[in-house]
Amino acid sequence: MKKHSFFLIIEDKYQFGLYRTEVSELKVTEEMKQRIQEVLIHDPLFTVVRDTPMEEILYSDSYLAEIIEKKFYSITEVAVWFGISDAKLRYYIKPFKEYIFLDQELTPSTSTVIRLSFLAILKLRMIMLLKDEYRVKGLKELLGIDDVGRVNPRPHFSEETAVTVPDHLGEKVDILSNVLNQMLQTGLFEFKKKDESETQIVVNEDFFKQRLVALPNDSNEQIEEIKAQTEKLIKDNEILKDQIQDITAHKVKDIAVKLRERHIENVVVSELRAEALSQFESQNKIGLFKKLFYSSTIEKEKEQFVSNYLKVHLYDRLELELADYYQANQLQKVQK
């Protein structure tokens, strides 16, 4: 009798299309996620969103279930999807037109009516996700948009892995390096160790003594001028080296702070997920029968509950944790 009941249940579920619906929805969700990753792989804002809770929000928006990639949508339609007013959506389109709308993209937009493509909607969604943290000015800096709205593409990285030196300082270092190499090849100068950790370039006194006898008296002034210019070059090189060290030290500190902030964010997300799962379990007493036959539906409901919980609590909790971190840092600096 039990066996017979089990097959009746399975048959009923197939009859009403429940199994087919669950499998189809999961497949569509995974395909859409892969498609979003494909079209945004080189996008500068996607590198910022990636590997953060906002990435999951980007994939889990409900409008993705009904959007068609080859269609264009009005401001009103997209505003409804995002849960905001038309005016607010237009506010965030205006400063980022060069980024949102591609020159090569054929769009039915006119001077008065804007139509948004699938890619444009994804870009707008990332702007809406990042606007509270970066504001319009910060987003423009991430995108390389200048004061007149032109996009100046440049490399973007999700993590800083190297300390860079400004271009003008790098050029100065190269020029001074070439000059010093040429000077050393003449024999007029030599390396001299000041201590175990520092080496200086000094005038080769023996070289001058050997050649001063053969030089006419009027050459002494030229020699002195050469020596003065050389000493100036050496001083400039020392100043430049100090500047590079300062820049490197500040950059390393910035990287350390960013890594710490990312760690704090990951901890907050983990704590919120644990809280959400605990609340879900307490609010939904799930029996063995439901676990056996509705496991995929339960998992979807659980993930949706966790996603909504993160949307509600993540910003405030993260702001509080970061504030505590900055305050603790400030106290340590004062104590030192």
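This write-up is about the structure you can find in this document. (Residues numbered from 1 in each chain as written. Predicted model: local features only at pLDDT ≥ 70, side-chain atom pairs only at ≥ 80, totals over all residues. Heavy atoms only, no water.)

**A closer look at the pattern of salt bridges**
For step 1, the next point in the chain: A full pass over the atoms with the stated rule returns eleven salt bridges.
For step 2, the next point in the chain: Notably, a salt bridge pairs Lys241 with Glu238, separated by 3.5 Å at the nearest N-O pair. Linking Lys241 with Glu238, this pair stays in helix α11 (residues 220-283), spanning three residues, or about one helical turn.
For step 3, the next point in the chain: Taking relative accessible area as the criterion, Glu238 reaches 29% and is therefore assigned partly exposed.
For step 4, the next point in the chain: Between Arg273 and Glu303 there is a salt bridge, with its nearest N and O atoms 3.7 Å apart. Here Arg273, found in helix α11, pairs with Glu303, found in helix α13 (residues 295-335); they are 30 residues apart in sequence, far enough to count as distant.
For step 5, the next point in the chain: Via salt bridges that share partners, Arg35, Glu38 and Glu69 belong to a single interconnected network. (Salt bridge = Lys/Arg side-chain N within 4 Å of Asp/Glu carboxyl O. Helix = DSSP H or I, 4+ residues; strand = E, 2+ residues; numbered from the N terminus. Buried < 20%, exposed > 50% of the residue type's maximum accessible area, 1.4 Å probe, protein only.)

**Observations regarding helix α5 (residues 75-82)**
Within an α-helix, residues lying three or four positions from one another point in the same direction, as the helix has 3.6 residues per turn.
For step 1, the next point in the chain: Those residues of α5 not exposed but buried are Ile75, Val78, Ala79, Trp81 and Phe82. Along the axis of α5, the buried residues cluster in a sector spanning 160°; they form a single face.
For step 2, the next point in the chain: The first or second residue beyond α5 is Gly83, which carries a positive phi of 75°. (Arc of directions from axis to C-beta.)

**With respect to the packing of aromatic side chains**
For step 1, the next point in the chain: Under the counting rule described, the total for this entry stands at seven aromatic pairs.
For step 2, the next point in the chain: Residues Tyr325 and Tyr326 carry aromatic rings whose centres are separated by 5.6 Å and whose planes lie at 50° to one another, so their mutual orientation is tilted.
For step 3, the next point in the chain: Judged by its relative accessible area of 15%, Tyr325 falls in the buried class.
For step 4, the next point in the chain: With a relative accessible area of 39%, Tyr326 lands in the partly exposed category.
For step 5, the next point in the chain: Taken together, the ring pairs connect Tyr63, Tyr73, Trp81 and Phe82 into an aromatic cluster. (Phe/Tyr/Trp six-rings, centres within 6.5 Å; stacked < 30°, edge-to-face > 60°.)

**Focus on the nonpolar core**
For step 1, the next point in the chain: Counting 45 residues, the largest nonpolar core has Phe82 and Leu116 as its most contacted members.
For step 2, the next point in the chain: Elements with a minimum of two residues in this core: α2 (18-40), α3 (44-49), α4 (53-60), α5, α6 (86-93), α7 (97-100) and α8 (118-143).
For step 3, the next point in the chain: Among the elements that take part in this core, α8 stands out by supplying 14 residues, more than any other.
For step 4, the next point in the chain: In contact with Leu116, other than residues within four places in its own chain, are Lys71, Phe72, Tyr73, Ile75, Val78, Ile93, Phe101, Ile121 and Leu124. (Core = buried A, V, L, I, M, F, W, Y, C linked by side-chain atoms within 4.5 Å. Contact = heavy atoms within 4.5 Å.)

Keep in mind these numbers describe shape, not what the thing actually does.
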